[in-house]
Amino acid sequence: MVDQVNNSVGGGARIGTAIQAGSMHGVHVHNYGENGPVADGPARMTLQLPPDVRHFADRTAERTRVLRAAAERAPGAGRPLVVSIHGVHGVGKTALGVHLARRLAADGTYFVRYTNLDDHRRDGGTDLTEALGELLASFTARDLLEKTLGKRQRQYWEQTGDRRVLVILDNARTGSEVDALLPASSDSVVLALGQEKLHGIKGGADLELAVGPLGERDAEELLLRTVTDARLAADPSSVTALARVCGGLPAALEVAAQWLRSHETRRMSRIIAELARRFEEKGVPLVEAVWDATYEELGPSAALLYRLLAASPGPDISPDAATALLGRGQDTAEDALDELVRCSLLTAGRDGRLRMHDLLRAHAARCARRARGEGRGVESGEARREGRGTESGEARRDGPGTETDEARRRIVRWYLRQAQRADALAAGPRLVLAERVEEVPGAPDVLFTGAARAADGAAEEAAAAEGGAEAAQAAAKDAAYRWLERERRALYACVRTAYAHGLDDEAWALCEPLLTHFVDHPHYLDVTDAFRTGRDAALRAGRARAAIRLRCQLARPLWEQGDHEAAAAELDAALRAADAVLGEDDGDRKLRASVLDFHGQLRFARGQWVDAAAYFETSRRIHVEIGNEYGALLQTYQQGKALAGLGELDRAAELLRWSHAEARRLNRSRMTKRTGFELGRVLSALGHHDEARPLYEASLAAARARHSLQDELRVLDALTALAEATGDTAAAGHHREAARTLRERGGGLAGTP
């Protein structure tokens, strides 16, 4: 009955009875038959909610008001019913919201969606585009979500206009957040949960509920439901005393229950006195006092990891990253993680990732400051048992005042190394300026195959030799792409963290592999901020070449979002810097060619085909002169596209034929499909339909293999047009129906990417 499962607290406290579990996210299965996508049929009523708490006490008045308001809601009342539930952290808002949602949805007439807005928050702001994407996930394939906030919001309204939707917005902080995420149907219900009253909701909330601590009787009832203990039955006054010590907070009551389970032979008077003493002596809010009591019981490695987690990037962390943060190897990290999860200082979430609530993170930071001697120390259990205080033993060996800085640098460099490895697998050889980071001591590499861990790709090479090079390479590439997407929040946070703490070279270097991720996963708010930060880091560090590269990278998300002027300003600055600092060695000339390529891409995006072709041709000549075969291939391909835009189809076909053959010769599989599709479009326009068809079919197979729905939709549209041009009505109908199915998954997306 606390805000989230992440609010777990106390001396060995464990959530699972009285405390709300963490957020869950929808699972989407895209079905494919041999002839294309298989329609999922009409959306079913689904319940996307965290688990309900095992024991729920009180809140009768609040439940009655909400259920009555929903029942008495007049049809077509305008906007959805908006209920604002607010109260201090740890009081049980999320538990109440989930309980209400399950009651309201019991008749099966609601689509129930849950989102934790803290998952989409950064630097005080909320990425509403991503929040809408999560709410749309059950209705719309991720690949087909609109890119901008306005368009995605209209997509959300379209999908919810004729559906009864019940939405829980957990950790809402402003009324504007709630307004932006309201479904379109007036028969819907929105439960907005937050610490503060949401004054900014347009028109105000229909119902506002202030949730306070449990009353004494209800607190006693919850404690007795949570733990069965003969000592409580023998001394009913001890139940009252424990409930009073806990102040009616469900989190504290769960801690008390855990203490009873953990100390079965202790006298009740001692347990009550120790809890009361700990709460009172700390001089901090009750929940933090409970967390202090839990921290005191930790062993040294778990206590150190807990302190270091305050500096970890991202909203959650993988076991691999936690191992890197601690820096003491896998076995020690696994033991420490087990201890923290057992005490509910960490909560296991999706994909095996671990999450620490924001308030716990703040508490961990205070513990770190105390360990550095900036305040009264809190000893971990093993240190106390061995007679060691916070300024001796383990704390002294960790280096008070330096443990956090060292861990921060270690985790940033570990993430940088893994991102570089993933980039090399996913994108293959390409222009990079940063040096490869060496393996971080005490922090093994992530494995992008199923073999044992090894540094510098040895495991990948062994797997390739054993299971077939091509299959192993494809599996490693897929794993690398998945890792980049799974860790994207941490990677973007690492850029900010590195820059904020003077790790400028790490900040800009992280942006190079993030470009590979961005191409397939355009999270514009994150990537624009990261590339801008990387540019500033390169400038501050005096890395002129890196600044040139980062200006070019920043320009791409800017022009893709329609900000052509800002993109042009970055590219103009990059070109001026290139003229000023780049020499005539192959590396500098390759970087200059890249700057020209980006200028050409901006002109292409603006429809300035002549200028685009000229930039691509100049870039191509440089690549030819320095012997960079892939660069020459890429620029010839770009030039062919520009000439097609100009209507010079014969010349475009000639360049694209060469590019396609060269991509196959160089074994660049993705470029082979890209060049093949563009060549097919030109050949089809020239009337060479029989040549175009197999190129389209190869591109379609590749898109389906990558589960790239946008590329699949584009190829299906091209195949439909080709079949219509050749009079094959059956094939045209088949491809049109497959495209229609994809567009339905995209929430009625009308155009092609």
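Definitions and cut-offs
Residues numbered from 1 in each chain as written. Predicted model: local features only at pLDDT ≥ 70, side-chain atom pairs only at ≥ 80, totals over all residues. Heavy atoms only, no water. Core = buried A, V, L, I, M, F, W, Y, C linked by side-chain atoms within 4.5 Å. Buried < 20%, exposed > 50% of the residue type's maximum accessible area, 1.4 Å probe, protein only. Contact = heavy atoms within 4.5 Å. pLDDT = per-residue confidence, 0-100. Helix = DSSP H or I, 4+ residues; strand = E, 2+ residues; numbered from the N terminus. Pairing = 2+ DSSP bridges. Axes fitted to C-alpha atoms, helices over the stretch in contact; angles between N-to-C directions. Salt bridge = Lys/Arg side-chain N within 4 Å of Asp/Glu carboxyl O. Expected span 1.5 Å × (residues − 1). 1 Å grid on protein atoms, 1.4 Å probe; cavity = no way out; pocket = protein on both sides within 12 Å on 5 of 7 lines; lining within 4 Å. Points joined across faces, edges and corners; volume = space filled by probe spheres on them. Polar contact = N/O pair within 3.5 Å; in protein donor to acceptor, adjacent residues only side chain to side chain. Phe/Tyr/Trp six-rings, centres within 6.5 Å; stacked < 30°, edge-to-face > 60°. Lys NZ or Arg CZ within 6 Å of the ring centre and 35° of its normal.

Focus: the nonpolar core
Residues Leu298, Tyr306, Leu340, Trp414, Tyr415, Trp483 and Phe531 are the most contacted members of the largest nonpolar core, which totals 88 residues. What Trp414 contacts, discounting residues up to four positions off in sequence, is Asp320, Ala321, Ala324, Val440, Ala443, Pro444 and Val446. Core analysis: the next-biggest nonpolar cluster, separate from the first, contains 52 residues, Ala57, Ala70, Leu96 and Trp259 among them.

Some points on the confidence of the model for the chain
Model confidence for the chain is summarised by a mean pLDDT of 82, while 83% of its residues fall at 70 or above. The secondary structure element of the chain with the lowest average pLDDT is helix α17 (residues 393–398), at 35, and the one with the highest is helix α25 (residues 564–581), at 97. Scored below 50 in pLDDT, residues 748–753 shows 13 contacts in the model against residues more than four places distant or in partner chains.

A few points about the sheet that holds strand β4 (residues 111–116)
Judged by pairing direction, the sheet is parallel, and its 5 strands sit side by side in the order β4-β7-β8-β3-β9 without closing on themselves. Of all the strands in the sheet, just β4 and β9 (207–210) have a single pairing partner and so form its edges. Neighbour to neighbour, the strand axes of the sheet diverge by 15° on average, direction disregarded. As paired elements, strand β3 (residues 81–86) and β9 share 4 bridges and run parallel to each other. Bridged to Ser84 within β9 is Glu208. Where helix α1 (residues 60–71) meets the sheet, it contacts β3, β8 (189–194) and β9, and its direction lies at approximately 170° from that of β9.

Notes on the pattern of salt bridges
Taken as a whole and judged by the stated rule, the model has 48 salt bridges. Here Arg173 and Asp118 are joined by a salt bridge, their closest N and O atoms 3.3 Å apart. Residue Arg173 is located in the loop between β7 (165–170) and α5 (175–180), and its partner Asp118 is located in the loop between β4 and β5 (121–122); the two are separated by 55 residues in the primary sequence. By relative accessible area, Arg173 is classed as partly exposed at 45%. The partner of Glu506 in a salt bridge is Arg413, with the nearest N and O atoms 2.9 Å apart. In this pair, Glu506 is assigned in helix α22 (residues 504–520) and Arg413 in helix α18 (residues 403–427), connecting sequence segments 93 residues apart.

Topic: unusual backbone geometry
You will see that Asn171, though not glycine, has its phi angle at about 60°, which is positive. Along the polypeptide, Asn171 turns up in the loop between β7 and α5. Despite not being glycine, Asn667 shows a phi value in the positive range, around 60°. Its place among the elements puts Asn667 in the loop between α29 (649–665) and α30 (669–685).

Some points on α29
Under the 1.5 Å per step criterion, the end-to-end length of α29 is 24 Å for 17 residues, consistent within 8% with the ideal 24 Å. Buried residues along α29 sit in contact with α28 (629–646), α30 and α31 (689–705). A positive backbone phi angle near 60° is found at Asn667, which sits one or two residues after α29.

As for empty space enclosed by the protein
A water-sized probe rolled over the atoms picks out the places where empty space is left. Inspection of the entire model under this criterion finds 2 cavities of 30 Å³ or more. The volume enclosed by the second largest cavity comes to roughly 50 Å³. Along the walls of the second largest cavity sit Leu309, Ser312, Pro315, Asp316, Ile317, Leu346, Leu354, Arg355, Met356 and Arg361, which together make up its complete lining. Sorting the residues of the lining of the second largest cavity by element identifies β10 (316–317) and β12 (354–355) as the ones contributing at least two each.

Thoughts on the environment of Arg736
Inspection of the secondary structure puts Arg736 in helix α33 (residues 729–745). Taking relative accessible area as the criterion, Arg736 reaches 41% and is therefore assigned partly exposed. Considering only alpha carbons, one finds Arg736 and Ala718, 18 residues apart in sequence, at a separation of 9.9 Å. If sequence neighbours within four positions are ignored, Arg736 has contacts with Thr720 and Glu724. One polar contact links Arg736 to Glu724, side chain to side chain, over a distance of 2.2 Å.

Description of the packing of aromatic side chains
Applying the stated criterion across every chain, the model contains 10 aromatic pairs. Geometrically, the ring pair formed by Phe518 and Tyr524 is edge-to-face, given 5.6 Å between the ring centres and 80° between the ring planes. Judged by centre distance (5.6 Å) and plane angle (45°), the rings of Phe677 and Tyr696 are tilted. Of this pair, Phe677 sits in helix α30 while Tyr696 sits in helix α31, and the two are 19 residues apart along the sequence. Take Phe677: its relative accessible area is 4%, and that puts it in the buried class. Look at Tyr696 and you get buried, because its relative accessible area is 3%. Taken together, Trp414, Tyr415, Phe448 and Trp483 form an aromatic cluster joined through their ring pairs. When the ring centre of Phe111 is taken as origin, the NZ or CZ atom of Arg163, which lies over that ring, is 5.3 Å away. In this structure, Arg164 packs its charged tip against the face of Tyr110, placed 4.2 Å from the ring centre.

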